[in-house]
Amino acid sequence: MNGQCPLCSQLLEVNNPEINELISCSSCNQKLIVKEIKNKKIIFIEAPQIEEDWGE
Amino acid sequence: MKKYKIGLFYTLIRGDEKLLIDAAKKLNVDLELINIDNLILKRDAFKFNFDIALLRSVSSTKEKYVAFFLESLGIKTINSLKVIQNCDDKFFTSTILEKKGVNQPKFGLVFSLNEAKKLIENIGGYPVVIKPTTGSWGRMLAKINDEDALEAIFEHKQYLSSPYQKALYIQKFIEKDGRDIRAFVFDGEVICAIYRNSNHWITNTARGGIASNCEVNKELKKICYKASEAIGHGILAMDVFEGKDGYLINEVNHTMEFKNSEKPTGVSISSVIINYCLKKIK
């Protein structure tokens, strides 16, 4: 399934996308999140900025 | 035979969570994805339909609240609140390890510049590393080579808004020869380990460190078991330095990221996590 990067418009393929899945745009490197899947198209939004208590 | 269900609590579906979803499918295990940001943590409003909670929040604050709430309802969580709390704060972790005699770099915590200077002298002088007590991916770590740098970093920290930045966790810097070890530890048993290779002194794979397989030897197993026992077991990722007198535990993580480690080790860490959860239900 695919969708467009909201920043650079690159078409991005994701296998078995999940809502809230985090991906990186292969063109502009922006971190994106799968917001919703509409008519077999993925709608991406920009991922939130890294927060202080994130990660391992 | 009853089919069990795992509730996977998440904030973002990273590559790690995708691997867990795939592993559950392969193992024919029911997995319910629960977005923490959609929850209302209130006893009479919370309905659940799973047998165990696997906590995979990117935010440690959210993870702690969810663990506390679920445990209050009698729900078993992986990891437990106790383990999360023991790992979440680096000073807590190091102090617990020290109490149990686990080898680690010398460390201490101070709140003022003068005491920082005394502490550094006490742990053998420069270089040292100043770390935030919480946080990860090697962010905001500072290697301090001399007193000038210490004074500069101390001043900068006074302008940061988080109160945690006012607590200075100071650790003796350990020369690493371009690599350290991350060991994946389940109830004290090391299932696999990677070297994190980097020319930079920060070796996190999230910061560009390259993962390669690390053979698990008896000494590594021994120190990881001891650290795991001190923390309270569970699923842990341990960062280990190869010191000149043996291994040193640097950090213990409670929500391991492993997506870069399955390939070099050949171990399906995601499957081990799913099976671990099933074992803990029974």
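What counts, and at which threshold
- Residues numbered from 1 in each chain as written.
- Chains lettered and ligands numbered in written order.
- Predicted model: local features only at pLDDT ≥ 70, side-chain atom pairs only at ≥ 80, totals over all residues.
- Helix = DSSP H or I, 4+ residues; strand = E, 2+ residues; numbered from the N terminus.
- Rg over C-alpha atoms; globule rule 2.2 N^0.38 Å.
- Buried ≥ 20, exposed ≤ 12 C-beta atoms within 10 Å, placed from the backbone.
- Domains from an automatic or database assignment.
- Contact = placed C-beta atoms within 7 Å.
- Nonpolar A, V, L, I, M, F, W, Y, C, P; charged D, E, K, R; others polar.
- Pairing = 2+ DSSP bridges.
- Axes fitted to C-alpha atoms, helices over the stretch in contact; angles between N-to-C directions.
- Core = buried A, V, L, I, M, F, W, Y, C linked by C-beta atoms within 7 Å.
- Left-handed = near helix turned anticlockwise from the far one by under 90°.

### Quick word on the overall build of chain B
Within chain B, the regular secondary structure consists of nine helices and 13 strands. Taken over the C-alpha trace, chain B has a radius of gyration of 19 Å; the compact-globule value for 282 residues is 19 Å, and the two agree within 12%. In terms of overall dimensions, chain B has C-alpha extents of about 65 × 45 × 35 Å along its principal axes. Looking at the 282 residues of chain B, the share that counts as buried comes to 39%.

### Some details on the domain arrangement of chain B
All names here are of chain B. Domains assigned within chain B are domain 1 (5-79), domain 2 (106-172) and domain 3 (175-254). For domain 2 versus domain 3, the separation of C-alpha centres amounts to 23 Å. Between domain 2 and domain 3, the residue contacts involve four residues of the former and five residues of the latter. Residues of the side of domain 2 that touches domain 3, tallied by class, amount to two nonpolar, one polar and one charged.

### Describing the sheet that holds strand β2 (residues 30-35) of chain B
Sheet strands line up and pair through hydrogen bonds in the backbone, either parallel or antiparallel. Residues and elements named next belong to chain B. If you trace the four strands from one edge of the open sheet to the other, you get β2-β1-β3-β4, paired in parallel fashion. Single-partner strands in this sheet number two, and they are β2 and β4 (77-78). Judged from the five bridges that link them, strand β1 (residues 5-10) and strand β3 (residues 52-56) form a sheet pairing that is parallel. Counted as the bridge partner of Gly7 is Ala53 from β3. The strands touched by helix α1 (residues 15-26) are β1, β2 and β3; relative to β1, the strand with the most contacts, the crossing angle is about 170 degrees.

### Here's the deal with the nonpolar core
All names here are of chain B. One finds Ala183, Phe184 and Met238 to be the most contacted residues of the largest nonpolar core, which totals 58 residues. Top contributing element to this core by residue count: strand β12 (residues 235-243), with six residues. With residues near it in sequence (within four places) discarded, Phe184 still touches Val190, Ile191, Cys192, Ala193, Ala237, Met256, Phe258, Ser261 and Ile269. Grouped together as the second largest cluster of nonpolar side chains are ten residues, Ile130, Ile144, Leu150 and Phe154 included.

### So, the packing of α1 of chain B against helix α9 (residues 269-281) of chain B
Residue and element names in this part refer to chain B. For the pair α1 and α9, the least separation of the axes is 8 Å and the interaxial angle reads 65 degrees. Note that α1 runs across α9; the crossing there is right-handed. Contacts from Leu19, Leu20, Asp22, Ala23 and Ala24 of α1 reach α9 at Ser270, Ser271, Ile273 and Ile274. When its residues are assigned to classes, the contact of α1 with α9 shows six nonpolar, two polar and one charged.

### Details of the interface of chain B and chain A
A common way to state how big an interface is: give the accessible area lost once the parts meet. With 21 residues of chain B at the contact, the number on the chain A side is eleven residues. Of all the secondary-structure elements, those providing two or more residues to the side of chain B that touches chain A are β2 and α2 (60-72) of chain B. Grouping the amino acids of the side of chain B that touches chain A by side-chain chemistry returns nine nonpolar, ten polar and two charged.

### Let's talk about the sheet that holds strand β11 (residues 210-213) of chain B
Residue and element names in this part refer to chain B. Taken in spatial order, the five strands make up an open sheet running β11-β10-β9-β12-β13, and their pairing is antiparallel. The sheet is open, and its two edges are formed by β11 and β13 (246-253), each paired on a single side. For this sheet, the mean inter-axis angle between neighbouring strands, taken without regard to orientation, is 35 degrees. Two elements, strand β9 (residues 179-186) and β12, share six bridges in a ladder whose sense is antiparallel. Bridge pairing in β12 links Arg182 to Asp239. Relative to β13, helix α7 (residues 218-231) is tilted by about 40 degrees, and along the sheet it contacts β9, β10 (189-197), β12 and β13.

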